[in-house]
Amino acid sequence: MPAFPTFPKAAREATGNAQLRHNLRKATGTIRGKRAAVVAELDDWAELRRAGKQIKERTLRHLDTYLEQVEAAVIAAGGTVHWAADAAEANRIVTDLVRATGERDVIKVKSMATQEIGLNEALAEAGITAYETDLAELIVQLGDDRPSHILVPAIHRNRSEVREIFRDRMGEWGRPAPDDLTDEPADLAAAARRHLRERFLSSKVAISGANFLVAETGTAVVVESEGNGRMCLTLPETLISVVGIEKIVPTWADLEVFLQLLPRSSTGERMNPYTSTWTGTTAADGAGDGPGTFHLVLLDNGRTDTLADTVGRQALRCIRCSACLNVCPVYERAGGHAYGSVYPGPIGAILTPQLRGTADPLDASLPYASSLCGACYEVCPVAIDIPEVLVHLRERVVQGDAEHPRAKGHLAERVAMRAARTLLDSPRLLGAAQRAGIATRRLHPGRLPGPGAAWTDTRDLPQFPDESFRDWWARRSAAGEGAPAAPAAPARPTPEAGQTPEAGNAPASGDTPSTTPTSAPEERK
Amino acid sequence: MRVGLFLTCVNDTLYPGTGRATVRLLERLGVEVDFPAAQTCCGQMHYNTGYRHDAEPLARRYADTFADYDAIVVPSGSCAAMVRDNYPRLGRRARDEGRGEALAAHLDPVVPKTYELSEFLLDVLGVTDVGAYFPHRVTYHPTCHSSRMLGVGDRPLRLLRAVRGLTLLELPEKEQCCGFGGTFALKNPDVSAAMGTDKARHTIATGAEVLCAADNSCLMHIGGTLNRQRAGVRVMHLAEILASTESEPADPSSAPAAAGARAAGAPCAPAADCAPAAACAPASTTARGGSR
Ligand code: SF4
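Nothing here was measured: the structure is a model prediction, and the numbers come from that model.

A word on the overall build of chain B
Next up, step 1: Along the backbone of chain B there are 13 helices and eight strands.
Next up, step 2: Considering chain B as a whole, with its 292 residues, one finds that 65% of them fall into the buried category.
Next up, step 3: Of all intrachain contacts in chain B linking residues separated by at least 6 positions in sequence, the fraction that spans at least 24 positions is 80%.
Next up, step 4: When the accessible surface of chain B is split by element, carbon and sulfur atoms take 49% of a total near 8,700 Å².

Side note on the domain arrangement of chain B
Reports often express the size of an interface as the amount of accessible area lost when the parts come together.
Residues and elements named next belong to chain B.
Next up, step 1: According to the domain assignment, chain B consists of domain 1 (2–124) and domain 2 (137–243).
Next up, step 2: Its C-alpha centre places domain 1 at a distance of 22 Å from the equivalent point of domain 2.
Next up, step 3: Taken together, the contact pairs 28 residues of domain 1 with 21 residues of domain 2.
Next up, step 4: Here domain 1 and domain 2 share an interface that buries about 2,100 Å² over both sides, 61% of which is from carbon and sulfur atoms.
Next up, step 5: Among the residues of domain 1 in contact with domain 2, Tyr15, Ser118 and Leu122 are the three that bury the most area, contributing 21% of the side total.
Next up, step 6: Joining domain 1 to domain 2, the criterion identifies one salt bridge.
Next up, step 7: Between Asp123 and Arg155 there is a salt bridge, and its shortest N-O distance comes to 3.1 Å.

Concerning the nonpolar core
Next up, step 1: If you look at the biggest cluster of nonpolar residues, it comprises 137 residues, and the most contacted ones within it are A:Phe166 and B:Tyr87.
Next up, step 2: Ranked by residues supplied to this core, first place goes to helix H5 (residues 77–96) of chain B with eight residues.
Next up, step 3: In contact with B:Tyr87, other than residues within four places in its own chain, are B:Cys42, B:Leu58, B:Ala59, B:Tyr62, B:Met82, B:Leu107 and B:Val111.
Next up, step 4: Counting residues in each nonpolar core, the second largest holds 38 residues, with B:Val3, B:Ala21, B:Leu26 and B:Ile241 among its members.

Observations concerning the sheet that holds strand S3 (residues 129–132) of chain A
All names here are of chain A.
Next up, step 1: Taken in spatial order, the six strands line up as S1-S10-S7-S4-S2-S3 in an open sheet, and their pairing is parallel. Two strands close off the open sheet at either side, each with one partner strand: strand S1 (80–84) and S3. On average, adjacent strands in this sheet sit at an angle of 25° to one another, irrespective of strand direction.
Next up, step 2: Pairing of strand S2 (residues 105–108) with strand S4 (residues 205–208) involves two bridges; the strand directions are parallel. Within S4, the residue paired with Lys108 across the bridge is Ile207.

What to know about the sheet that holds strand S7 (residues 210–213) of chain B
Residue and element names in this part refer to chain B.
Next up, step 1: Spatially, four strands are ordered S6-S5-S7-S8 in an open sheet, and the strand pairing comes out parallel. Where the open sheet ends on each side, the last strands, each with one partner, are strand S6 (167–169) and strand S8 (234–237). Strand-to-strand twist across the sheet, computed as the mean angle between neighbouring axes with direction ignored, equals 35°.
Next up, step 2: Pairing analysis gives four bridges linking S7 to S8, with the strands arranged parallel. In the sheet register, Leu211 faces S8, and the bridge partner there is Val235.
Next up, step 3: Set on the sheet, helix H12 (residues 216–228) makes contact with S7 and S8; between it and S8 the angle comes to about 170°.

How each quantity is defined
Residues numbered from 1 in each chain as written. Chains lettered and ligands numbered in written order. Predicted model: local features only at pLDDT ≥ 70, side-chain atom pairs only at ≥ 80, totals over all residues. Heavy atoms only, no water. Helix = DSSP H or I, 4+ residues; strand = E, 2+ residues; numbered from the N terminus. Buried < 20%, exposed > 50% of the residue type's maximum accessible area, 1.4 Å probe, protein only. Contact = heavy atoms within 4.5 Å. Areas by Shrake-Rupley, 256 points an atom, 1.4 Å probe, with all protein chains shown as cover. Domains from an automatic or database assignment. Buried area = accessible area lost by both parts, 1.4 Å probe. Salt bridge = Lys/Arg side-chain N within 4 Å of Asp/Glu carboxyl O. Core = buried A, V, L, I, M, F, W, Y, C linked by side-chain atoms within 4.5 Å. Pairing = 2+ DSSP bridges. Axes fitted to C-alpha atoms, helices over the stretch in contact; angles between N-to-C directions.

In structure tokens, the structure reads:
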């Protein structure tokens, strides 16, 4: 894995990039609104969501059975099935398959699984060029870039940047962009279409992913909106599909649920423009709806380990709709690259550390890349409780277990947490600490050192009040219920004349020297 | 009915005004409320940062302290959500680890008795008009844990709408997180600050005098940002607005988080949803003079 900086570091750069923040806010904001509108149209959305969750959950519980069913069905339909335990094995299988065809070029339809395993790079090493055919993937590929969104991988680019990329780089990959290319979306799309069409017609091998695998018939399903997928799936002679083992749905009836959940959650459409399904190979007589040769590569790459974790396994229900990215306030500010993975946003924060482990500092920082606001859980069409998994993975990061040794860099935090627990487990110690805080409040710095500096750079800190609630209550009780009276401890600070601390939310504003004896409490019935 | 007030460690330590307002409000409504002194913290900071085992004794303490009350009122959406959402999980996880049913049996009874303030007022007492008077322009931020984890819905808004003199203004993009998130603010300071800045901008855009919420940790974060910007908008807890009456009106302009207040330090509050810990005591002792 390339060395990416940890999330907070990468996010600092992103938050400082005004153009990027603008692009992201606009794009996610628009799609958020569309999603909300089309979801609101369905009065059975909650039931659909529950059905989606349950189908996936049941399938995952019996995954071994369904995988065998898929294998048998694909073979029966004339396809070949390969099992890949990890990225290296999957890349080796695909490279060998392409080599066997004698071709040096392959076209690809959007497949996150192949990005996850770094297939393009592995093919390049073997002298094979992979051409991305999804418009956004094309932009990313031509720009020597990385995707930053599940659905809109080039979300971080605006159209003038796209125009520049097309103009400067398209020629190196095939048909160049026209000289008079403008940054009008229609113009850009036309340039991409002409460029790609040549490629589609000349390529004999295609590599795809799949959104779903229907176990009962061994059918692979790709859902897309540009039609490039359809071209990849129908024109070439050989089709190699790399699919994560969690993509199975048992039956076509089950598939129906997801074909409703996915487009609405993803693009905010009622139905998506192209849904392609293929089962095995075309028979010699031309009957059937598949390619001449079909290979299915079933990819594990950390999924079985994820499945073994009773809390974390729900991440495998994900149908990659990207709804969670579009509502995530952290993603909106940090952008997709900060997550250092093909899966960014909330789902990336829980999936990546499970697939890759938490030994790398970046992966260990991902479970913390969330304020736990819960917006992702609210929109997820298969009800993945992302906050629950985040907290669960944080525990893995700080505690470690047999398979996931404890992450470095948490010693100071662990000590502080332990100390805080000791303090908070004792009302007596807590009260003492409160009084110490109050007595020394004049000495507290307005700017904090160390990690606290990040806070005080942009925010003012609250100040200790004149008296903790617990002390006020004790005084009030001593004086008789509901009528707290008069002076308590002489050292206790008092509000300045005219101040009414109870009026405000917070502690007294406190430029007051806090040594005068306490006056009558401010609150009387 | 025996009602226990779980004030939360943040409120107890930094925002006692919220506690006093809650007591005044409940007593005005005829509720006899008790503050059992054995209470401390719900354990949210530990739980959410990944220190579940350290959260367990705190949860146990909560359950012990409040076992005998008929209802427990919490003026903090996020701490109430910790109890209602995460205590059952603590119990389940302990059981999964082969530690029997003991923890679950301990925690379970207090879970359904725990109410966030607005829930208690509407669902238990059945009042919407609490007899408050607060003649100011107010906008309301539905904090994430109140609205998403607890699902308080429009309860706080119904209460605010019944306050005499109050003008309620709609907060743009109100459902977006303010960026506090406990230790998130420390671990991801840039994103947290960017979120806080946007929330402050939306707050200012409403033209409100006061931003109201039912969580002081979020208000600390947004208020701190508003303060730094000298925005002139005050933040107030829902309880303080509801406690305000004609005879004892709350005055937002004296709210200490007001613009122009000097930046003052508290040891470790920003690090947590929880109270200051000795471990986080200020590293510097630079005295700062008042700037007023
Ligand atoms: S986690 Fe849920 S919301 Fe996010 S991409 Fe997956 S299915 Fe969609």
